[in-house]
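Coordinates in review
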Amino acid sequence: GYRVFTPFRMTAGTTVLIERGWVPMGRTREEVPVFSTPVSNVSVEGYFGSPPEFGLDLKGSTRSDEELGINIRRVQRIKPKDLESLFSMELMDQIVYLKPGELGALDILRYTPGNGAERHEAYALQWFAMAVILFLIGVLRLRQSVSPE
């Protein structure tokens, strides 16, 4: 599926990307997802946060987006400053993450804070502990086989 981001011009004139939620992908990548976008003046509630850290960052790639339809583009990674040329407008560095149930919100999937490194650190600790235990067992076995009895 896709996470949907929409530029939103605030009353102060500043434009920010709003993360509206998730839409499922069709049977193929050529099938454009269907969702509606409010076009009138709306008030939204959410919170500011950093751009998401997911997606591909293709070094040396000259093509970072695909046009799927009128005003619908697929990008591999959300970087507001890189997207300014697509929208022909200046964007804030922060993203607004909509609250569930807000006008224009799609299926909101939120993850707990953190980058997931805790799971990997725990897994690494487990393997290092296993290596130490196996080393100690090996040293004890070696001492038993070498010691005169």
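First, a word on scope: everything that follows refers to the structure included in this document. Because the structure is predicted, anything quoted here is derived from the model rather than measured.

Buried within helix H1 (residues 80–87) are the following residues: Pro80, Leu83 and Glu84. Buried residues in H1, looked at end-on, bunch into an arc of 130°, giving them a common side. Among the exposed residues of H1, those pointing more than 90 degrees away from its buried face are Asp82 and Ser85. In the core, the buried residues of H1 are packed alongside strand S2 (15–23), strand S5 (72–75) and strand S6 (91–98). Ser88, located one to two residues past H1, shows a positive phi value of around 55°.

What follows concerns the pairing of S2. Within S2, eight of the nine residues are buried, leaving the element largely enclosed by the surrounding structure. Alignment of strand S1 (residues 2–9) against S2, held across eight bridges, turns out to be antiparallel. Pairing of Thr6 across the sheet is with Ile18, part of S2. Here S1 hands over to S2 after five residues, with Gly13 in that stretch at a positive phi of 95°. Two strands pair when backbone bridges link them, and S2 and S6 are joined in this way by four bridges, in the parallel orientation. Paired with Thr15 across the strands is Leu91, a residue of S6.

Parameters at a glance
- Residues numbered from 1 in each chain as written.
- Predicted model: local features only at pLDDT ≥ 70, side-chain atom pairs only at ≥ 80, totals over all residues.
- Heavy atoms only, no water.
- Buried < 20%, exposed > 50% of the residue type's maximum accessible area, 1.4 Å probe, protein only.
- Helix = DSSP H or I, 4+ residues; strand = E, 2+ residues; numbered from the N terminus.
- Arc of directions from axis to C-beta.
- Contact = heavy atoms within 4.5 Å.
- Pairing = 2+ DSSP bridges.

The quantities given are spatial measurements derived from coordinates; they are silent on function.
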